[in-house]
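Next come the chains, spelled out residue by residue.
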Amino acid sequence: MADEATLKRMALEYARRMNTGDVEAVLELFSDDIVFEDPVGAPPLIGKDALREHIAWSIECQVHETPGRPVTSMDGRRVAVPTTVTVYAPAKLTFSIIGVIELGDDGLVHHAQAFWGITDTKVGDGPELTGVAHFMAVTQNLAKMVQAKGSPSPM
């Protein structure tokens, strides 16, 4: 069981390592049997090999993560952190997510979840779209990202 400071550091360390662009440094935080859900509701990535591909793709999309204040659970295993995630390629998308990670007794992340939806995503820097226009802009840009990756949709 980790103390609260350790749990909070882990959440912030993940964002720091993602922002450095070092895939292997990010993967050091995860167990070999990691279950990674991004977003929750999509098929989970299971194991470090699947996660390696996802992390490398995120870094290729020029990801930048800005975490908020982490909040821990009382069980010494979980931490949740609101985070603004921006990818810049192939188009700028900004996601407002809630990330939840669960540490095992080995101090590594065994389960990670990213909660976000279409309405938690913004396209570009212009005025905020609403309704169907927002839905279409987000889904079209997510499709561009997936097409650049060459794999099934993350949603």
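Residues numbered from 1 in each chain as written. Predicted model: local features only at pLDDT ≥ 70, side-chain atom pairs only at ≥ 80, totals over all residues. Heavy atoms only, no water.

Novice: Quick question: what am I supposed to make of a nonpolar patch on the surface here?
Specialist: Where nonpolar side chains cluster on the molecular surface, the patch consists of V40, I98 and F115 and spans about 220 Å² of accessible area. Positionally, F115 belongs in strand 7 (residues 109-115). We classify F115 as partly exposed; its relative accessible area is 37%. (Patch = residues over 30% accessible without salt bridge, like charges linked within 9 Å, V, L, I, M, F, W, Y side chains within 5 Å. Areas by Shrake-Rupley, 256 points an atom, 1.4 Å probe, with all protein chains shown as cover. Salt bridge = Lys/Arg side-chain N within 4 Å of Asp/Glu carboxyl O. Helix = DSSP H or I, 4+ residues; strand = E, 2+ residues; numbered from the N terminus. Buried < 20%, exposed > 50% of the residue type's maximum accessible area, 1.4 Å probe, protein only.)

Novice: Hey, could you run me through the packing of aromatic side chains in this one?
Specialist: What characterises a pair of aromatic rings is the spacing of the ring centres plus the angle enclosed by the ring planes. Evaluation of the coordinates by the stated rule reveals three aromatic pairs. Centroid distance F95 to W116: 4.8 Å. Interplanar angle 65°. Geometry classified as edge-to-face. Of the two residues, F95 sits in strand 6 (residues 93-103) while W116 sits in the loop between strand 7 and strand 8 (121-123), which places them 21 residues apart along the sequence. An identical accessibility class is assigned to F95 and W116; each is buried. (Phe/Tyr/Trp six-rings, centres within 6.5 Å; stacked < 30°, edge-to-face > 60°.)

Novice: What's the story with the environment of M145 in this structure? I'm lost.
Specialist: Relative to the assigned elements, M145 resides in helix 4 (residues 131-149). Residues M145 and A89 lie 56 residues apart in sequence; the distance between their C-alpha atoms is 7.5 Å. M145 has contacts with W57, C61, V87, A89, P90 and L93, leaving out every residue within four places of it along the chain. (Contact = heavy atoms within 4.5 Å.)

Novice: Got a minute to help me understand unusual backbone geometry in this structure?
Specialist: With the exception of glycine, the majority of residues adopt a negative phi angle, and the majority of peptide bonds are in the trans configuration. In this model, D38 is joined to P39 through a cis peptide bond whose omega is -5°. With respect to the helices, strands and loops of the structure, P39 is situated in the loop between strand 1 (30-37) and strand 2 (45-46). In this structure, P90 follows A89 across a cis peptide bond, with omega equal to 0°. With respect to the secondary-structure elements, P90 resides in the loop between strand 5 (78-87) and strand 6. If you check the backbone angles, Q62 has positive phi at about 60° while not being a glycine.

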